[in-house]
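# Remarks on the overall topology
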Amino acid sequence: MDVLTDLLHRARAHSALVRQLVQPPPWAVTYADAPPLTVAATLGGHAVIRLGDAAPTRLAAGDIALITAPGGYTIADDPATVPRFVIRDGRKHLPTGAPAAPHPALAPRTYGAGPPGATVMLRGVYDLHGDAASRLLDLLPPLAVVPAGPRTRAALDLLSAEAARDEPGQDAVLARLLDLVLVLALRAWCTRPEATPPAWYRALADPAIGEALRLLHEDPAHRWTVASLAAKAGMSRAAFAQRFTALVGRPPLGYLTEWRMTLAADLLRDTRQTVAAVARQVGYQDPFAFSVAFKRARGHTPSAWRGSSP
């Protein structure tokens, strides 16, 4: 399993949610309690996104916005359009807080009104959690806009078509198509001059170090040594250690320990496994040695971490 796929798999708490909104101008929607990651795309027409007091960002047809900003945001046809309703806790409200009538359904997962000239917005949200999610979200600023391109447009069109269907296995199809759109958008964003992806992502482009990172994610409990990783990468031990550290920003075993602690933190929070069982899953046969390493990395013992997690 490659590193990005591994992070996306481990970070997801629940299935992704996909909805389409078809609205003629003027229109504006405020999402008051945004999830950790939103994928929003303008399929037809144009839109603007406002994050708090920041200047609005325009989306042309086919553009994709990746939103990780905490709190709410507004999507509208124009910066001057005042929101007519607010989405909070998955329900539609008036700006006063009173419940509002739901949008009319045009098709499964598709709402609004569809006269000529209406804007079509596709929105997918991820309910992410844990330390693995934090690593995934480190790839992005609060708002990243990926301009329309042939690869992303084809994926968006397919996702839009499937969002309007209601057939057996539809949720599984939508989740995988949204993953496709997200990964294509992440790839495109990380190549843009304004992007500052973390060192581990940039290191994936190096064949030897990218392979080592894949191995560490594929089997983090294995008793890896610098020598064994260097052999898998086809390099001498010294050259591998120097190159890995230069590209990733930390030595190979330091990266492995950090990744093991990330996995352990999520296992302690999400499961009722014993500390000894979690230790074995992340490569520690001795629970005491694991507890020492975990406290050094997280500032809490494994038991205290589990007790303090929501």
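Basis of the calculations
- Residues numbered from 1 in each chain as written.
- Predicted model: local features only at pLDDT ≥ 70, side-chain atom pairs only at ≥ 80, totals over all residues.
- Heavy atoms only, no water.
- Buried < 20%, exposed > 50% of the residue type's maximum accessible area, 1.4 Å probe, protein only.
- Helix = DSSP H or I, 4+ residues; strand = E, 2+ residues; numbered from the N terminus.
- Pairing = 2+ DSSP bridges.
- Salt bridge = Lys/Arg side-chain N within 4 Å of Asp/Glu carboxyl O.
- Axes fitted to C-alpha atoms, helices over the stretch in contact; angles between N-to-C directions.
- pLDDT = per-residue confidence, 0-100.
- Parallel < 35°, antiparallel > 145°, perpendicular 65-115°, else oblique.
- Contact = heavy atoms within 4.5 Å.
- Nonpolar A, V, L, I, M, F, W, Y, C, P; charged D, E, K, R; others polar.
- Left-handed = near helix turned anticlockwise from the far one by under 90°.

Further remarks concern the pairing of strand S2 (residues 28–31). Taking every second residue as pointing to the same face, both faces of S2 are buried, with Ala28 and Thr30 on one and Val29 and Tyr31 on the other. Pairing of S2 with strand S7 (residues 73–76), which is carried by 4 bridges, proceeds in the antiparallel orientation. Note on S7: the bridge partner recorded for Ala28 is Ala76. Bridging between S2 and strand S8 (residues 85–88) involves 3 bridges; their strand directions are parallel.

Going through the model one piece at a time under the given rule, you end up with 14 salt bridges. Between Arg109 and Asp166 there is a salt bridge; the shortest N-O distance is 3.9 Å. With Arg109 in the loop between strand S10 (105–107) and strand S11 (110–112) and Asp166 in the loop between helix H3 (150–163) and helix H4 (170–190), this pair connects stretches of sequence that are 57 residues apart. A salt bridge links Arg298 to Asp131; the nearest nitrogen and oxygen atoms lie 2.6 Å apart. Of this pair, Arg298 sits in helix H11 (residues 287–298) while Asp131 sits in helix H2 (residues 130–137), and the two are 167 residues apart along the sequence. Judged by relative accessible area, which is 22%, Arg298 ranks as partly exposed. Through salt bridges with shared partners, a single network forms among Arg109, Asp166 and Asp171.

Strand order in the open sheet made by the 6 strands is S5-S4-S7-S2-S8-S9, with mixed pairing throughout. Bordering the open sheet on either side are strand S5 (57–59) and strand S9 (91–93), each of which pairs with just one other strand. Neighbour-to-neighbour, the strand axes of the sheet open up by a mean angle of 25 degrees, direction not taken into account. Where strand S4 (residues 47–50) and S7 come together, 3 bridges link them in antiparallel fashion. Each residue of the ladder has a partner; that of Ile49, found in S7, is Ile75.

Across the protein, the average pLDDT comes to 91, with 98% of residues at 70 or higher. Mean pLDDT values for the elements of the protein range from 84 in S9 up to 98 in helix H8 (residues 237–248).

To continue, consider the packing of helix H7 (residues 226–233) against H8. For the pair H7 and H8, interaxial distance at closest approach is 9 Å and the crossing angle is 90 degrees. The pairing of H7 with H8 is recorded here as roughly perpendicular in orientation. Contacts between H7 and H8 involve Val226, Ala227, Leu229, Ala230 and Ala233 from the first element and Arg237, Phe240 and Ala241 from the second. Considered class by class, the residues forming the contact of H7 with H8 number 7 nonpolar, no polar and 1 charged.

Next up on the list: the packing of helix H6 (residues 207–218) against helix H9 (residues 252–270). The N-to-C vectors of H6 and H9 enclose an angle of 35 degrees; their axes lie 10 Å apart at closest approach. Regarding H6 and H9, the two cross each other, and that crossing is right-handed. For the pair formed by H6 and H9, the contact residues are Leu213, Leu216 and His217 on the first element and Pro252, Tyr255, Leu256 and Trp259 on the second. Classifying every residue of the contact of H6 with H9 gives 6 nonpolar, 1 polar and no charged.

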